[in-house]
Amino acid sequence: MKFVPTLLAAALVVAAPAFAGSAADAVTVADPYVRLVPPGQPATGAFFVLKNSDDKDHKVLKAESSAAKVTELHTHLNEGGMMKMRPVKDIEIKAKGEAELKPGSLHVMLINLNKPLKEGDSIPLKLIFEDNSSKEVSATVRKIQAEMPMGKPADMPMGKGEMMHHHH
Ligand SMILES: [Cu+2]
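Predicted model, so just to flag it, every value in this text is computed and none were measured.

K.L.:
Now, about the overall build of the chain: what can you tell me, with residues and values included?
P.N.:
Secondary structure assignment for the chain yields three helices and 10 strands. In the chain, the order of α-helices and β-strands from amino to carboxyl end is α-α-β-β-β-β-β-β-β-β-β-β-α. A buried classification covers 23% of the 168 residues belonging to the chain. Here the contacts in the chain between residues at least 6 apart in sequence split such that 68% fall between residues at least 24 apart.

K.L.:
Tell me about the pairing of strand 8 (residues 107-113), and name the residues and values.
P.N.:
Bridge count between strand 2 (residues 43-52) and strand 8: four bridges; the pairing is antiparallel. Each bridged residue has a counterpart across the sheet, and for Gly45 the counterpart in strand 8 is Met109. Where strand 4 (residues 68-79) meets strand 8, six bridges bridge the pair, whose relative direction is antiparallel. Bridge pairing in strand 8 links Val70 to Ile111.

K.L.:
Break down the pairing of strand 9 (residues 122-129) for me, with residues and values.
P.N.:
Residue alternation in strand 9 divides its side chains into a buried set, Ile123, Leu125, Leu127 and Phe129, and an unburied set, Ser122, Pro124, Lys126 and Ile128. Of the pairings in the sheet, the one linking strand 3 (residues 58-64) to strand 9 comprises four bridges and is antiparallel in character. Paired with Glu64 across the bridge in strand 9 is Lys126. Bridge count between strand 9 and strand 10 (residues 134-142): seven bridges; the pairing is antiparallel. By the bridge assignment for strand 10, Ile128 is matched with Ser134.

Rules behind the numbers
- Residues numbered from 1 in each chain as written.
- Predicted model: local features only at pLDDT ≥ 70, side-chain atom pairs only at ≥ 80, totals over all residues.
- Helix = DSSP H or I, 4+ residues; strand = E, 2+ residues; numbered from the N terminus.
- Buried ≥ 20, exposed ≤ 12 C-beta atoms within 10 Å, placed from the backbone.
- Contact = placed C-beta atoms within 7 Å.
- Pairing = 2+ DSSP bridges.

This is the structure in structure tokens:
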């Protein structure tokens, strides 16, 4: 009788979802970079494109970086004509889809940088997914124009929001 529960336990382990491939296996991180900020500015944003090759949705729940004391997932929202940053609880990547983190939109916020950034520096980022799997990437520090890179006239309020945020 003793071997029955043992076999059952073994079968459950084999059937566990971990063996179906983790979120970290299904999601790739393309072109990670961090916005260069002048020394003395304590916070910046990290940006990249998440691509989900899986046939189910995945979520990033958390980001970590040894370059900053606090790392948060943020987005920009238009509130009364002003772009404001707000923390988000997760970033969803739809099945076979993409989530783009870019200036004026979703980003990873690095708050209280441990040392000033230099152009070309590599900033380690760790993304933690809904199944607790994780992925480590290295984001390059890059200079970004204050204006939106794809500056259509319609984007101007967003560009101003970015500048306001970075100077408060
Ligand atoms: Cu932010």
